[in-house]
Amino acid sequence: MNVLNIAGKKRETYQVHLDYSLLWESALGIAAITNNRLFDTLEKKKEFERLLEVIPNELSFELKYVELNNTWKCLLQLLNYYQDPHDLNTFIAYIEGLSEREIRYICLPYLGKNTQNIRKRASDQDVDSIQVLKELTCDNHFFPDYIEFICNVDVMDMKKHLVSVISKWFQKVINPESDKITNILKNDFNNKELMKEKMDVEEFVHWATGGIKYVPEPDVKRVLLIPQLTYRPWTIESYMEETKVFYYPISNESINPEDRYVPNYFLIQKHKALGEEVRLKMIKLLNERDHTLQEITDKLDLGKSTAHHHLKILRAAKLVDIKSSKYRLRDTSIHSLHKELELYLNQ
């Protein structure tokens, strides 16, 4: 079909910014170690298991509170609103200086420009507005309970918890390796900044995040990319006012810049994921059309827990996605696999 463009302008897109911080790394570590749903897919699973055996009781208590109430989300929201999220002491002072209404508002999830007044009223503990936010987020597995928690928790207790958990995590996990972690994050930041000049913004976001195809949205003017080591292989997505945030897994090349034989992380994960008969069958099944978990278990004669385990691995490798309760193949990731291998071999 031939199309004549008489609109007179190109499709609007977003600006891309990059940043990194040990505080983001701390918050994501707290999120990862308390995420039972994805824990067994994390690259740092064994390291986290060893850590859980030796962490002080005070930190263990705070992590259980995080697991119960998903307060890692509070930390990420607060870090994204804070103008300079790079120093622990000033970040703590920022948390402690927020009013009750301010901290509730910041910690509540951003759902778009049209719902901001509802979010504000919910931060004032308006019962009807809280219920509306819960209904708007009912498809998310933890948002409704999280919203209820944020709107009703004693704010002073929550502040003490947030300050305690990030301080203790930073001291126990981050501080002993702060120079090493900073260098790795900086390597990836610098590498991405160089590549940003060579690609258009949508191509760059797709490449940097390991395969996420993010097209412009009306309310989003900026995409913030934050490299992270702790939550590999997952990319964590979040929204702020006019901003989409991707906490993306840093590349292997950034961890070992001196070794040109180190393959890209997702190249490894994709081949590992495809090197198993059940998962290859799933790929072929999803290549035909999208399927629910129940349909996949029925067609492949699998137990639900087994199917779910394999699907988590395929999702972690960026080969499969889920939308509206249906699993779907990420065509771009499959079709670009041979190009990624060729790039590795010739780099």
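Positions within a chain are numbered from 1, following the residues in the order the chain's sequence is written. The model is predicted, so local features are restricted to residues of pLDDT at least 70 and side-chain atom pairs to those at 80 or more, both for listing and for counting; the totals for chains, interfaces and linings are taken over all residues. Side-chain descriptors were evaluated using all non-hydrogen atoms of the structure, hydrogens and water having been removed beforehand.

Caption draft 1: Spatial organisation of the overall build of the protein. When its secondary structure is counted, the protein shows 19 helices and six strands. Both definitions apply: the radius of gyration is a C-alpha atom measure, and the globule rule equals 2.2 Å times residues to the power 0.38. Here the C-alpha radius of gyration of the protein, 21 Å, is about what a compact globule of 347 residues would show, namely 20 Å. C-alpha atoms of the protein, sized along the principal axes, occupy 55 × 50 × 50 Å. Exposure classes here rest on a 1.4 Å probe applied to the protein chains alone. A residue is buried below 20% of its type maximum, exposed above 50%, and partly exposed in between. Within the protein, buried positions represent 49% of all 347 residues. The contact criterion used throughout is that any non-hydrogen atoms of two residues lie within 4.5 Å. Contacts in the protein between residues at least 24 apart in sequence constitute 64% of all its contacts with a sequence separation of at least 6. Charge counting follows a simple rule: Lys and Arg are positive, Asp and Glu are negative, and His as well as the terminal groups are ignored. In this description, the location of a charge corresponds to atom NZ of lysine, CZ of arginine, CG of aspartate or CD of glutamate. Placing the 48 positive and 52 negative side-chain charges of the protein at their respective mean positions leaves the two points 3 Å apart. Per the convention used, a helix needs a DSSP run of H or I reaching at least four residues, while a strand needs a run of E reaching at least two, with both numbered from the N terminus.

Caption draft 2: Structural detail: the pattern of salt bridges. Salt bridges are counted wherever a side-chain nitrogen of Lys or Arg sits within 4 Å of a carboxyl oxygen of Asp or Glu. Under the defined criterion, the tally for this structure stands at 15 salt bridges. Between Asp40 and Lys312 there is a salt bridge; the shortest N-O distance is 2.9 Å. Of this pair, Asp40 sits in the loop between helix H1 (22-33) and helix H2 (45-54) while Lys312 sits in helix H17 (residues 304-316); the two residues are 272 residues apart in sequence, bridging distant segments of the chain. Asp40 sits in the partly exposed class, given a relative accessible area of 36%.

Caption draft 3: The side chain of Arg330, seen in detail. Tracing the backbone through its elements, the reader meets Arg330 in the loop between strand S6 (326-329) and helix H18 (331-335). Comment: no salt bridge for buried Arg330; closest opposite-charge side chain is Asp321, at 4.4 Å.

Caption draft 4: Region of the structure containing a nonpolar patch on the surface. Think of a patch as exposed residues, more than 30% relative accessible area, with no salt bridge, where like charges cluster within 9 Å and nonpolar side chains (Val, Leu, Ile, Met, Phe, Trp, Tyr) cluster within 5 Å. Per-residue and other accessible areas were derived by the Shrake-Rupley procedure at a 1.4 Å probe size, with only the shown protein chains allowed to occlude residues. Together, Leu111, Val132 and Leu136 make up a nonpolar patch on the protein surface, roughly 220 Å² of accessible area in all. By the element assignment, Leu136 lies in helix H8 (residues 127-136).

Caption draft 5: Inspection of the sheet that holds strand S2 (residues 222-228) at higher detail. Judged by pairing direction, the sheet is mixed, and its four strands sit side by side in the order S1-S2-S4-S3 without closing on themselves. Every other strand in the sheet has two partners, leaving strand S1 (15-18) and strand S3 (236-240) as the edge strands with one partner each. Each strand of the sheet is rotated relative to its neighbour by a mean of 25 degrees, with strand direction disregarded. One requirement defines pairing of two strands: DSSP has to find at least two bridges between them. In this structure, S3 lies alongside strand S4 (residues 243-249), joined through five bridges in antiparallel fashion. Note on S4: the bridge partner recorded for Ser238 is Val245. Axis angles are defined between N-to-C directions and span 0 to 180 degrees, where every axis is a line fitted to C-alpha atoms and, for a helix, only to the segment in contact. Each of S2, S3 and S4 touches helix H4 (residues 72-81); the most contacted strand, S3, lies at about 55 degrees to it. Against the sheet, helix H11 (residues 178-196) makes contact with S1, S2 and S4, and its axis sits at roughly 155 degrees relative to S1, the strand it touches most.

Caption draft 6: Representation of the pairing of S2 within the structure. By the criterion of burial, S2 is predominantly enclosed, with six of the seven residues buried. One ladder, built from four bridges, connects S1 with S2; its direction is parallel. The residue bridging His17 from the neighbouring strand is Leu224, located in S2. Relative to S4, S2 runs parallel, the two being bridged by seven bridges. By the bridge assignment, Arg222 is partnered in S4 with Thr243.

Caption draft 7: Fine view of the state of the cysteines. For the purposes of this analysis, a disulfide is any pair of cysteine sulfur atoms at a distance within 2.5 Å. A complete count under the given rule lists zero disulfides for this structure. Unpaired in this structure, Cys74 has its nearest cysteine sulfur neighbour in Cys107, at a distance of 3.8 Å. With no disulfide partner, Cys151 has as its closest neighbouring cysteine sulfur the one in Cys107, 10 Å distant. Note on Cys151: relative accessible area 0%, which makes it buried.

Caption draft 8: Structural detail: the packing of aromatic side chains. Any two rings among Phe, Tyr and Trp, with Trp reduced to its six-membered ring, count as a pair given centres within 6.5 Å; such a pair is stacked if its planes are under 30 degrees apart, edge-to-face if over 60, and tilted if neither. Considering all chains together, one arrives at 14 aromatic pairs under this definition. Between Phe142 and Phe143, the ring centres sit 4.9 Å apart and the planes meet at 75 degrees, which makes this aromatic pair edge-to-face. The two residues Phe142 and Phe143 agree in class, both being buried. A connected cluster of aromatic rings, assembled from ring pairs, spans Trp72, Phe142, Phe143 and Tyr146. In our convention, an over-ring charge means Lys NZ or Arg CZ found within 6 Å of a ring centre and within 35 degrees of that ring's normal. Here the guanidinium or amino end of Arg119 rests over the ring plane of Tyr105, the centre of that ring lying 4.1 Å away.

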